[in-house]
Amino acid sequence: MQVVLLVDNYFKKDEIIKNIYVFDNGLIKGFIQMDGTEICKLYVDTSFQSEGIGNELIEFAIKELHANNLWALEKNIRAISFYQRHGFHLTGQKKFEEDTTEYLVKLER
């Protein structure tokens, strides 16, 4: 599974591990990485998408970690819509994704 490899790579980095929260119900299906109140990454293995895992991860981050901002790929309409359903709104800020020609857009609560 993809998510296990991703999490394993993150677990090897001490500066990141303390900010990762894993959805694990006997099988690791996704994770969220935080930096203060910013959501840095929210990942759900493609095999488990549309099962509510992303909802649980983001709601945990909002309620327990006071998540209030993030950057998303501008072209990822599905992700932006997901974040908007959870109270985030586009701020109008954009920046290039590092080492790509893709734009990131900022969302805040």
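Please read these numbers as outputs of a predicted model, since none were measured by experiment.

Student: Would you mind going over helix H3 (residues 53–65) in detail, with residue names and values included?
Tutor: Residue pairs spaced three or four apart in an α-helix point in one direction, given the helix's 3.6 residues per turn. The terminal C-alpha atoms of H3 lie 17 Å apart, and with 13 residues this matches the ideal 18 Å at 1.5 Å per residue to within 8%. Of the positions making up H3, those classed as buried are Ile-53, Gly-54, Leu-57, Ile-58, Ala-61 and Ile-62. For H3, the angular spread of the buried residues around the axis is 165°, confining them to a single face. Facing away from the buried side of H3, by more than 90 degrees, are the exposed residues Lys-63 and Glu-64. Immediately downstream of H3, the backbone of His-66 shows phi near 60°, a positive value.

Student: Give me the pairing of strand E3 (residues 38–44): which residues, what numbers.
Tutor: Residues in a regular strand project their side chains so that they alternate between the two faces of the sheet. Two elements, strand E2 (residues 28–35) and E3, share 6 bridges in a ladder whose sense is antiparallel. Bridged to Gln-33 within E3 is Lys-41. Turn length for the E2-E3 hairpin, with the two strands adjacent in sequence and antiparallel, is 2 residues, and the turn residue Gly-36 shows positive phi of about 65°. Two elements, E3 and strand E4 (residues 69–73), share 2 bridges in a ladder whose sense is parallel. Residue pairing across strands places Ile-39 opposite Leu-70, the latter belonging to E4. Tracing the backbone out of E3, into H3 and back to the parallel element E4 gives a crossover that is right-handed.

Student: Explain the packing of aromatic side chains to me, using residue names and the numbers behind them.
Tutor: All told, the structure shown has 4 aromatic pairs when counted by the stated rule. With 6.2 Å between their ring centres and 70° between their planes, Tyr-83 and Phe-88 make a pair best called edge-to-face. Comparing Tyr-83 with Phe-88, the two get one shared label, buried. Of the aromatic side chains, those joined through ring pairs into one cluster are Phe-82, Tyr-83 and Phe-88. We note Lys-94 situated over the ring of Tyr-103; from NZ or CZ to the ring centre the distance is 4.9 Å. The ring centre of Trp-71 lies 4.3 Å from the NZ or CZ of Lys-95, which sits over that ring.

Definitions and cut-offs
- Residues numbered from 1 in each chain as written.
- Predicted model: local features only at pLDDT ≥ 70, side-chain atom pairs only at ≥ 80, totals over all residues.
- Heavy atoms only, no water.
- Helix = DSSP H or I, 4+ residues; strand = E, 2+ residues; numbered from the N terminus.
- Expected span 1.5 Å × (residues − 1).
- Buried < 20%, exposed > 50% of the residue type's maximum accessible area, 1.4 Å probe, protein only.
- Arc of directions from axis to C-beta.
- Pairing = 2+ DSSP bridges.
- Right-handed = clockwise from strand over helix to strand, strands pointing away.
- Phe/Tyr/Trp six-rings, centres within 6.5 Å; stacked < 30°, edge-to-face > 60°.
- Lys NZ or Arg CZ within 6 Å of the ring centre and 35° of its normal.

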